[in-house]
Structures are given as structure tokens and as C-alpha cells.
Amino acid sequence: MIGLTNSNGNITYSDEVIAKIVGLSTMECYGVVGMASKNTADGLWELIKIEHLNKGVKINYKNNELSIDLFVVVEYGTKISVIAGNIIQKVRYNVENHTGLKVANITVNIEGIRF
């Protein structure tokens, strides 16, 4: 559970809620085909259905700041650096505005390219 304390009391968020906000924000970005779930046994990735976007997100909460790791698949022919920059900007904005939590860093891992 991720917590926030303000003058009105305590607010707690489950990791799944934060991951869902991150996943939906990522899917809104141009050039993103989907979130990826990595199968560590085979080293293969698979696209995740929208109901399970949180499997493509890792959340770490420490010292009242979030660190977010994303695993995405992008569209062939798009500029990856621009897509990653857009993802970082949109995810940071949405998480901070919806929850009031501070995002320390976001790492975008490109797991594949889809033709």
C-alpha cells in the first residue's frame, strides 16, 4: 500500500490502482502498441490485454516518492526516443494529478517492436 498524509487525514492506494493509472496513461500515447509482460523463463514478451495492464508496470515506493518501470511494445517506424519522452511526460502528469503522489523517476523499457 502506498500512503499519503495531508491535513484531512490519510489516503492509501494499492499498487494495482497506481499501476492501472500508469498503464492507461501509457496506452494513450501515440506509437505504443501495448504493454508487455516478460516471461523470464524464456526471455520472451507477450502483449497484455487491457484488463491486466498492471503486469507491464513495476512500482517502487520509497521516501514518499514513486519509481515506475514500464515495459512496452512500440510501433515500427516511430521514433522511440519521442515515444518514451511522451510516455514519461503523460504518466508523470496523470499520476501526480490523480493521486497527489510525487513521481521521482520513470524508466521506459522497450520490450519489442510490432510491424
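Everything in this summary refers to the structure shown in the same document. Along each chain, residues carry numbers from 1 onward, in the same order as the chain's sequence is written. In keeping with the model being predicted, local features are shown solely for residues with a pLDDT of at least 70 and side-chain atom pairs are shown and tallied solely at 80 or more, while totals for entire chains, interfaces and linings include all residues. Hydrogens and water molecules were not included; the side-chain quantities draw on all heavy atoms of the structure.

Digging into helix α2 (residues 80–99)
Stage number 1. Each helix is a run of DSSP H or I of at least 4 residues and each strand a run of E of at least 2, with the numbering of both proceeding from the N terminus. Expected span of a helix, by definition, is 1.5 Å for each gap between consecutive residues, and there is one gap fewer than residues. Taking 1.5 Å per residue as the helical rise, α2 with its 20 residues ought to reach 28 Å, and the 28 Å between its terminal C-alpha atoms agrees with that figure.
Stage number 2. Those residues of α2 lying buried are Ile-83, Ala-84, Ile-87, Val-91, Asn-94, Val-95 and Thr-99. Down the axis, α2 shows its buried residues gathered within 110° of arc, on one side only. Among the exposed residues of α2, those oriented more than 90 degrees off its buried face are Ser-81, Gln-89, Tyr-93 and Asn-97.
Stage number 3. Looking at the residues trailing α2, positive phi occurs at Gly-100, about 85°. Think of it in three bands: residues with accessible area under 20% of the maximum for their type are buried, residues over 50% are exposed, and the middle band is partly exposed, with areas taken using a 1.4 Å probe on protein chains only. In this description, the arc belongs to the directions extending from the helix axis to the C-beta atoms.

Focus: the pattern of salt bridges
Stage number 1. Salt bridges are defined as contacts in which a side-chain nitrogen from Lys or Arg sits within 4 Å of a carboxyl oxygen from Asp or Glu. Applying the stated criterion across every chain, the model contains two salt bridges.
Stage number 2. In this structure, Lys-90 and Glu-28 form a salt bridge, with 3.3 Å as the shortest nitrogen-oxygen distance. Of this pair, Lys-90 sits in helix α2 while Glu-28 sits in the loop between α1 (15–27) and β3 (32–39), and the two are 62 residues apart along the sequence.
Stage number 3. With relative accessibility at 31%, the residue Lys-90 sits in the partly exposed group.
Stage number 4. Notably, a salt bridge pairs Lys-102 with Glu-96, separated by 4.0 Å at the nearest N-O pair.
Stage number 5. Note on Glu-96: relative accessible area 26%, which makes it partly exposed.

Examining the environment of His-98
Stage number 1. Its place among the elements puts His-98 in helix α2.
Stage number 2. Here His-98 falls in the exposed class, since its relative accessible area comes to 57%.
Stage number 3. Any two residues whose heavy atoms approach within 4.5 Å are treated as being in contact. Every residue in contact with His-98, bar those within four places of it in the chain, is listed here: Tyr-13 and Ile-21.

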